[in-house]
Amino acid sequence: MKESLINKDIKIFTGNSNLVLAKAICKYLGITLGKAITSKFSNEEIQVKIEENVRGMETFVIQSISSPVNDNLMELLIIVDALSRSSARRITAVIPYFGYAKQEKKTIGREPISAKLVANLITTAGVDRVITIDLHAAAIQGFFDIPVDNLYALPILSAYFMKKKLVNSKIVVVSPDAGGVARARSFAERLNASLAIIFKRRPQPDVSEVIEVVGEVKNKTAIIIDDMISTGGTLVHANNAILNLGAKEVYACATHPIFAGESISLIKNSSIKEVVITDTIQIADLKSKPKFTVLSVAPLLGEAIYRNFFNLSVSKLFS
Ligand code: R5P
């Protein structure tokens with residue numbers, strides 16, 4: 001029997017990025033969301049007011065850095081500033097989707113490292129600890145000089161396919177690029193499946209092309225796994241390449257449903273059988289759209305918050 005959090009020195013707040021997830025996390029923890037106003041002044045600047053006492057409390061701010069990215073980032077920073085100035089004992093930023101993570105290194109001259117800048121902003125605002133899921137680049141953890149728990153959605157995604165009985169040698173797990181191989185290998189091991197890797201190139205930002213598929217996909221059910229779906233190009237091109245090589249059917253899964261531009265209709269009109277994603281980013285009405293299945297990360301984040309509050313190990317959540 002778990003110790004209750006009711007009447008403990010804990011408060012959970014959220015910005016506007018993902019209210020549904022924040023409420024689901026609070027439900028998991030058996031407490032209510034902290035009262036705060038996060039809106040805008042008439043000049044478009046973000047206005048925050050914490051409406052309950054947080055002095056000496058363990059506080060958590062749930063906010064994805066998702067679209068509108070800059071507003072959501074500023075909301076996070078300003079809520080943290082408000083908590084810090086209200087004498088919260090400790091502030092943990094719970095960032096289900098960590099935006100700006102694609103710009104984590106310089107690939108050509110005169111580029112910024114925006115992920116490092118965002119890490120600096122979060123730390124400077126007064127955050128003591130970060131909890132996030134599937135950082136696009138694991139190195140971002142090291143951009144912080146405070147503890148960062150980078151959790152994985154892979155157990156949630158693989159459990160879904162196991163339940164569907166898509167588990168055996170007739171399944172091939174596909175990494176849509178070289179950067180995702182470790183994740184795909186771990187996923188394939190869980191499903192007792194084989195592994196294929198796609199090598200892709202980006203002739204320009206947001207445009208992807210398949211160069212080569214390594215591994216046997218013929219007559220197999222393929223499951224593509226990625227960390228995020230943005231324009232949907234990576235996914236749809238991977239699907240086409242695998243089907244051209246004789247795969248029977250293609251499923252896909254990803255942690256972060258960014259779904260930029262026309263990606264939802266691109267995927268809907270493709271031959272991909274099902275796309276499984278999580279709720280790190282709130283997408284209106286997705287549950288009602290056939291082909292998309294949304295799994296919740298609320299229990300994972302709720303458990304991480306619970307364990308952080310009681311100073312219990314979170315290592316279990318990484319296995
Ligand atoms: C690439 O490094 C990522 O893992 C994803 O494959 C990529 O961000 C997906 O982007 P899009 O959906 O725009 O192709």
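Here we summarise the structure given alongside this text. (Residues numbered from 1 in each chain as written. Predicted model: local features only at pLDDT ≥ 70, side-chain atom pairs only at ≥ 80, totals over all residues. Heavy atoms only, no water.)

## Section: the packing of aromatic side chains
Here comes step 1: Inspection of the entire model under this criterion finds eight aromatic pairs.
Here comes step 2: Ring centres 6.1 Å apart and planes at 85° place the aromatic pair Phe-98 and Phe-144 in the edge-to-face group. Taken together, the residues span a long stretch of sequence, with Phe-98 in the loop between β5 (90–95) and α3 (114–125) and Phe-144 in the loop between β6 (129–133) and β7 (148–151) at a distance of 46 residues.
Here comes step 3: The exposure class assigned to Phe-144 is buried, which follows from its relative accessible area of 6%.
Here comes step 4: Ring centres of Phe-161 and Tyr-251 lie 6.1 Å apart, and the angle between their planes is 85°; on these two criteria the pair is classed as edge-to-face. Highlighted residues: Phe-161 in helix α4 (residues 154–163) and Tyr-251 in strand β12 (residues 249–257), separated in sequence by 90 residues. The pair formed by Phe-161 and Tyr-251 is uniform in burial state, with each residue classed as buried.
Here comes step 5: Counting every residue linked through ring pairs, the aromatic cluster contains Tyr-160, Phe-161, Phe-187 and Tyr-251.
Here comes step 6: The aromatic ring of Tyr-306 is capped on one face by Lys-2, whose charged end is 4.4 Å from the ring centroid. (Phe/Tyr/Trp six-rings, centres within 6.5 Å; stacked < 30°, edge-to-face > 60°. Helix = DSSP H or I, 4+ residues; strand = E, 2+ residues; numbered from the N terminus. Buried < 20%, exposed > 50% of the residue type's maximum accessible area, 1.4 Å probe, protein only. Lys NZ or Arg CZ within 6 Å of the ring centre and 35° of its normal.)

## Regarding unusual backbone geometry
Here comes step 1: The residue after Ser-67, namely Pro-68, is reached through a cis peptide bond having omega -5°.
Here comes step 2: Along the chain, Pro-68 turns up in the loop between β4 (58–62) and α2 (69–85).
Here comes step 3: Phi angles above zero are rare outside glycine, and Asp-134 is one such case at about 40°.
Here comes step 4: Structurally, Asp-134 can be placed in the loop between β6 and β7.
Here comes step 5: The class of Asp-134 is buried, set by a relative accessible area of 8%.

## Considering a nonpolar patch on the surface
Here comes step 1: Together, Phe-199, Ile-211 and Val-214 give the surface a local cluster of nonpolar side chains, amounting to about 260 Å² of exposed area.
Here comes step 2: Relative accessible area serves as the criterion here: at 56%, Ile-211 is assigned to the exposed category. (Patch = residues over 30% accessible without salt bridge, like charges linked within 9 Å, V, L, I, M, F, W, Y side chains within 5 Å. Areas by Shrake-Rupley, 256 points an atom, 1.4 Å probe, with all protein chains shown as cover. Salt bridge = Lys/Arg side-chain N within 4 Å of Asp/Glu carboxyl O.)

## Concerning the site of the ligand
Here comes step 1: Around the ligand, 14 residues are found, and the nearest of them are Lys-102, Asp-226, Asp-227, Thr-231 and Thr-234.
Here comes step 2: Gly-232 is positioned such that a nitrogen or oxygen atom in its backbone is 2.8 Å from an oxygen atom of the ligand.
Here comes step 3: If the ligand stood free it would expose 380 Å²; the protein chains cover 90% of that surface.
Here comes step 4: Secondary structure elements with two or more residues in the shell around the ligand: β9 (194–204), β11 (221–229) and α6 (233–244).
Here comes step 5: Sort the elements by how many residues they give to the shell around the ligand and β11 lands first, with four residues.
Here comes step 6: Residues that form the shell around the ligand fall into these classes: two nonpolar, six polar and six charged. (Near = heavy atom within 4 Å. Polar contact = N/O pair within 3.5 Å; in protein donor to acceptor, adjacent residues only side chain to side chain. Nonpolar A, V, L, I, M, F, W, Y, C, P; charged D, E, K, R; others polar.)

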